[in-house]
Each structure stands twice: as structure tokens, then as C-alpha cells.
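# A look at the structure
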Amino acid sequence: MLRRALIPALLLLPAAAAAQSPNETRLRLGASGEVRVAPDELLAVLRVEARGFDAGAVQGEVNRRMAAALAAARAVEGVTATTGRYHAHQEPRGQEFLAQQSLSLVAARGEPALALIARLQEEGLLLGELRWRLSEAAAREARDAAMRQAIRALRERAEMVARELGLRVVALTHLSVDAAPEPSPFALAAPQPARAAGAVPPPVATAEDIPVSFQVTGDLLLRR
């Protein structure tokens, strides 16, 4: 069945090839563009964790400490706080109960957010992730800039090829665009595995420019 379906398609190939003028050349080219953008959001993920032999008391402690952490975070201007996954279970050894819940903080300014994180660490919250990233608006703008750069590069390459062949670009018959995977954020920060005694200095998070790239592939028609 597959062989019979292929025969008509194969028979059409010479006709399609013959339809192209000898003075025409079809060209497929790819090009890419990349911009580097300073991140504009600081993301921190902390968690409240409690252990004990009374399940209700353990979960009650997590609830109380999370409520206090949320209140402290919402009192800092420019910080958005949201709670995440809540998990509670009984440990296989020792029969202790473990309860934990995550807290995500997003801020446009690093200094007040880092000071807040230090206060929360003093209260026993554990810092698991700290990184600079692009906001949705900044990432969208960067992808658009990288796409424009890639299209310009494609056009320049096509014109260069056409000149070398003694031809000219007359049409772009097809264009496919492909955004690269989301850029990896950069940050320098040390997660805190355990509660520190006394005052906790703010963690360090130094932002680096984030590369954002875009690829395009185009089918072009060249003529004399």
C-alpha cells in the first residue's frame, strides 16, 4: 500500500523540476541572532520545615512560621511573595513527622529582597534557590530583538550568495522561526543547608547578562 502511494508523488518530481526556469535558483539558508540582556528580576525560593513526633504540632508550626514569613515579605515594597508546595509525611526511621512548605519571592531590586531573605533565614527558613532572571516582558522584548537580528543576518547572507552567483534575490518564499530554549539564569549564591546561629548576613547574588538567541530558516528565490 505504501509503495503504490509513493509512485504518483515520484512521477510528479520531473514535472515540478521542469517548471523551474533555468534562470532561477532556489536557496535555503539559516541564520541566528543573539542579544545579551541584564536580568531584571531576583527569584528566591525558601522553605519552612519542621519535625516532631506529633503530626498536628509539626504542621501547626509550619503554618505559623509560614504566615509570619508571608507577613514579613508583604511588608517589603517591591517584593511579591507566593506559597508553593506543602508536603508532610512520617519518616520511615524514628517515626518522626516532617512537614515543609516553600515560599517564592520575586523582586525587581536586589538589596531589599536580600535583606528580607537574611531575616527569614534568621527565623529558620532554608534558602534553596536564589537567581537573577528575565521578567516575562523583558524576555519577550529580548526574543523580538534577537529575531530581528536573525532576519537581518539571513537577508545579508542571501544577498551575499546571490552576488557570488551573479544573481539577485527576488522573493522570500518561506520563513520559519525558532526561538532557542529559555536562557539559563545566572547568579552567584550559596543555598543555606541549615539554620545559622545569630545574625545572618544577606546572601550574595550578582547578576550577569543573559544571552537570548533566535534562529530563522528561509527559502529564497534567486534570478538573473
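To be clear, the structure that these remarks concern was listed above.
In this report, the structure presented in the accompanying data block is examined.

The rules behind the values
- Going along each chain's sequence as written, the residues are numbered from 1 onward.
- At least 70 in pLDDT is required for a residue's local features to be given in this predicted model, at least 80 for side-chain atom pairs to be given and counted, and no such filter applies to totals for whole chains, interfaces and linings, which use all residues.
- Side-chain figures throughout are based on the complete set of non-hydrogen atoms in the structure, without hydrogens or water.
- Two strands make a pair as long as DSSP finds a minimum of two bridges between them.
- Numbering of helices and strands runs from the N terminus; a helix is a DSSP stretch of H or I covering at least four residues, while a strand is a stretch of E covering at least two.
- Axis definition: a line fit to C-alpha positions, over the contact stretch in the case of helices; interaxial angles, taken between N-to-C directions, run 0 to 180 degrees.
- The contact criterion used is simple: two residues touch if any of their non-hydrogen atoms lie within 4.5 Å.
- Here, a salt bridge means any Lys or Arg side-chain nitrogen found within 4 Å of an Asp or Glu carboxyl oxygen.
- Relative accessible area decides the class of each residue, using a 1.4 Å probe on protein chains only: under 20% of the type maximum gives buried, over 50% gives exposed, and in between gives partly exposed.

Looking now at the sheet that holds strand β4 (residues 97–107). Strand order in this open sheet of 4 strands is β3-β4-β2-β5, and the pairing throughout is antiparallel. The open sheet is flanked by β3 (79–90) and β5 (126–133), the only strands paired with a single partner. Across the sheet, the mean angle separating the axes of adjacent strands is 15 degrees when strand polarity is ignored. Where strand β2 (residues 41–52) lies against β5, 7 bridges are found, and the strand directions are antiparallel. Its bridge partner being in β5, Ala44 is matched across the sheet by Leu130. Together, β2, β3 and β4 form the strand contacts of helix α2 (residues 55–74), whose direction differs from that of β4 by roughly 10 degrees. Across the sheet, helix α3 (residues 110–122) touches β2, β3, β4 and β5, and the angle it forms with β2 is around 5 degrees.

The full count for this structure, using the stated rule, is 8 salt bridges. Between Arg133 and Glu41 there is a salt bridge, and its shortest N-O distance comes to 3.0 Å. Pair noted here: Arg133 is in strand β5 and Glu41 is in strand β2, with a separation of 92 residues, a long-range link. For Arg133, a relative accessible area of 24% corresponds to the partly exposed category. The residue Glu91 makes a salt bridge to Arg51 at a minimum N-O spacing of 2.7 Å.

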